[in-house]
Amino acid sequence: MEKKNIDWSSLGFGYVQTDKRFVSNFKNGAWDEGTLTDDAEVRISECAGVLQYSQSCFEGLKAYTTEDGHIVTFRPDLNAARMKDSCERLEMPVYPVDKWVDAIVSVVKANAAWVPPYGSGATLYIRPYMFGSSPVIGVKPAEEYQFRVFCTPVGPYFKGGAKPITIRVSDFDRAAPRGTGHIKAGLNYAMSLYPIMDAHRNGFDENMYLDPATRTKVEETGGANFLFVTKDGTVVTPKSSSILPSITRRSLIYVAEHYLGLKVEEREVFFEEVKDFAECGLCGTAAVISPVGKIYDHGKEICLPSGMDEMGPVTKKLYETLTGIQMGRLEAPEGWIKVIE
Ligand code: PLP
Ligand code: COI
């Protein structure tokens, strides 16, 4: 199979229309078989649940070309399980987990020419999503839904790739204490659009959200969880019921403990402690691990000792081990890698 003629190494994190996507419709209480289609357009009622009351959720995962030339995905079963949680919280019908993974595999296979080559620095980002497609005007769930999966080749989420970024403490909240912060609802991201644009207008790359109830604890950013490293090399990551349970973060905890022999603490992290950490990074499918060099808090700056030039040493080891597993350079724990072809 011949790859598309793309300058892979100059890709940013954007949408490129690829050849095929998967579509399945939920009608009369059941999902249809689903199919691959060339049609990248969606046609729904003007009164569709997603358009009126934002009834939608999504996932994000990647396909990689390994060192020995296979195409693989990373822990898609966990994305399927998380989408099930999202659907249940949003009164949407669950798409069966095994068929969900099959849909991912079929989309990646059908777009194999778009999977960036090994060593190019790019990957194939896969976006499964679901939305209420039938009309609703009273506030209630739709009766019909569409589940779709498309993919697009991407480069680094933050411009500059592995260069440390500057974030600021946000005055806005991302999620309510008993709200939807723990699921991947489209509405969470709608809420974050003003704060992210405001951060960019003021020269910051991202927002650090604090816990909405007390504003004393670190939660996450708009699209990634936090990892901190203490001066004695312990990895610390915030625990909260209103953050998204990042698959990357859960994997990194395992990697830290079992591959690198590091101590890991998953616990509440008070903002007060942040000035004492040695390293800070953002982790997620899109972010991979993006190092944070500086945190701005209302006129005060916290400069991480790892600086603005490079990733801190522990962050770097975590990054290299995780991407080594994803790209097939290191042996993966049982069940983490799904070989597509
Ligand atoms: N937090 C938020 C708000 C996200 O949108 C994402 C991205 O999916 C993450 C964290 C990272 O999660 P994962 O590692 O599963 O991609
Ligand atoms: C991902 O990492 O997959 C996400 O969904 C985050 C999003 C901000 C791009």
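Draft legend 1. Summary view of the packing of helix α2 (residues 76-89) against helix α3 (residues 97-110). Remark: α2 packs on α3, axes separated minimally by 9 Å, with the N-to-C direction vectors making an angle of 125°. It follows that α2 is oblique to α3 by the angle criterion. Viewed along their axes, α2 and α3 form a crossing whose handedness is right-handed. Taking contact as the criterion, the partners of Pro76, Asp77, Asn79, Ala80, Met83 and Lys84 in α2 are, on α3, Val97, Trp100 and Val101. A class-by-class count of the residues in the contact of α2 with α3 yields 6 nonpolar, 1 polar and 2 charged.

Draft legend 2. Representation of the nonpolar core. Ranked by internal contacts, the top residues of the largest apolar core, which has 35 residues, are Trp100, Val108, Ile126, Met130, Phe147 and Val149. Those elements that provide at least two residues to this core are β1 (21-27), β5 (61-65), α2, α3, β7 (123-132) and β8 (145-154). For this core, the leading source of residues is α3, giving 7 residues. Among all residues touching phenylalanine 147, those that are not within four sequence positions of it are Phe22, Val23, Ser24, Trp31, Met83, Tyr95, Trp100, Ala103, Pro128, Tyr129 and Met130. The next biggest cluster of nonpolar side chains, apart from the first, holds 22 residues, and it includes Val236, Val274, Cys280 and Ile302.

Draft legend 3. Representation of helix α6 (residues 247-259) within the structure. In this model α6 runs 17 Å from its N-terminal to its C-terminal C-alpha over 13 residues, within 8% of the 18 Å that 1.5 Å per residue would give. Looking at α6, one finds that the buried residues are Ile247, Thr248, Arg249, Ser251, Leu252, Ile253, Val255 and Ala256. N-cap assignment for α6: the residue whose side-chain oxygen lies 3.2 Å from the backbone N of threonine 248 is serine 246. Looking one or two residues beyond α6, the residue adopting positive phi is glycine 261, at roughly 65°.

Draft legend 4. Focus on the domain arrangement of the protein. The domains assigned to the protein are domain 1 (8-154) and domain 2 (165-326). Placing the centre of domain 1 and that of domain 2 at their C-alpha centroids yields a distance of 25 Å. The partner domain 2 presents 22 residues to the 21 residues of domain 1 that form the contact. Here domain 1 meets domain 2 over a buried area of about 1,700 Å², counting both sides, of which 64% is carbon and sulfur. On the domain 1 side of the contact with domain 2, Phe58, Phe74 and Arg82 bury the most area, a combined 35% of that side's loss. In this structure, the connection of domain 1 to domain 2 is made through 0 salt bridges. Of all the secondary structure elements, the ones that give two or more residues to the side of domain 1 that touches domain 2 are β4 (56-58), β5, β6 (71-74) and α2. Top element by residues in the side of domain 1 that touches domain 2 is α2. It accounts for 6 residues. The residue makeup of the side of domain 1 that touches domain 2, split by class, is 10 nonpolar, 5 polar and 6 charged.

Definitions and cut-offs
Residue positions are given per chain, counting from 1 as you read along its sequence in written order. Chain A is the first chain written and ligand 1 is the first ligand written, with later ones labelled in order. Local features are withheld for residues below a pLDDT of 70 in this predicted model, meaning they are given only at 70 or higher, and side-chain atom pairs are given and counted only at 80 or more; totals for whole chains, interfaces and linings count all residues. Hydrogen atoms and water are omitted, and side-chain values are computed over all heavy atoms in the structure. To obtain an axis, a line is fitted to C-alpha atoms, over the contacting stretch when the element is a helix, and the angle between two such axes runs from 0 to 180 degrees between their N-to-C directions. Helix numbering and strand numbering both begin at the N terminus, where a helix is a DSSP run of H or I of at least 4 residues and a strand a DSSP run of E of at least 2. Convention used here: angles under 35 degrees read as roughly parallel, angles over 145 as roughly antiparallel, angles from 65 to 115 as roughly perpendicular, and any remaining angle as oblique. We call a crossing left-handed when the near helix sits turned anticlockwise from the far one by less than a right angle, and right-handed when that turn is clockwise. We call two residues contacting when some pair of their heavy atoms lies within 4.5 Å. Throughout this entry, Asp, Glu, Lys and Arg are counted as charged residues, while Ala, Val, Leu, Ile, Met, Phe, Trp, Tyr, Cys and Pro are counted as nonpolar. The remaining residues, Gly among them, count as polar. Residues belong to one nonpolar core when they are buried, are Ala, Val, Leu, Ile, Met, Phe, Trp, Tyr or Cys, and are joined through side-chain atoms within 4.5 Å. Each residue is placed in one exposure class: buried if its accessible area under a 1.4 Å probe, protein chains only, is under 20% of its type's maximum, exposed if it is over 50%, and partly exposed if it falls in between. A helix's residues, less one, multiplied by 1.5 Å, set its expected span. Polar contacts, as used here, are pairs of N or O atoms within 3.5 Å; protein pairs need one atom able to donate a hydrogen and one able to accept it. Residues neighboring in sequence count only if both atoms are side-chain atoms. Domain ranges listed in this record stem from an automatic or a database domain assignment. Two parts placed together each lose some accessible area under a 1.4 Å probe, and adding up what both lose gives the buried area. Any carboxyl oxygen of Asp or Glu that lies within 4 Å of a side-chain nitrogen of Lys or Arg is treated as forming a salt bridge with it.

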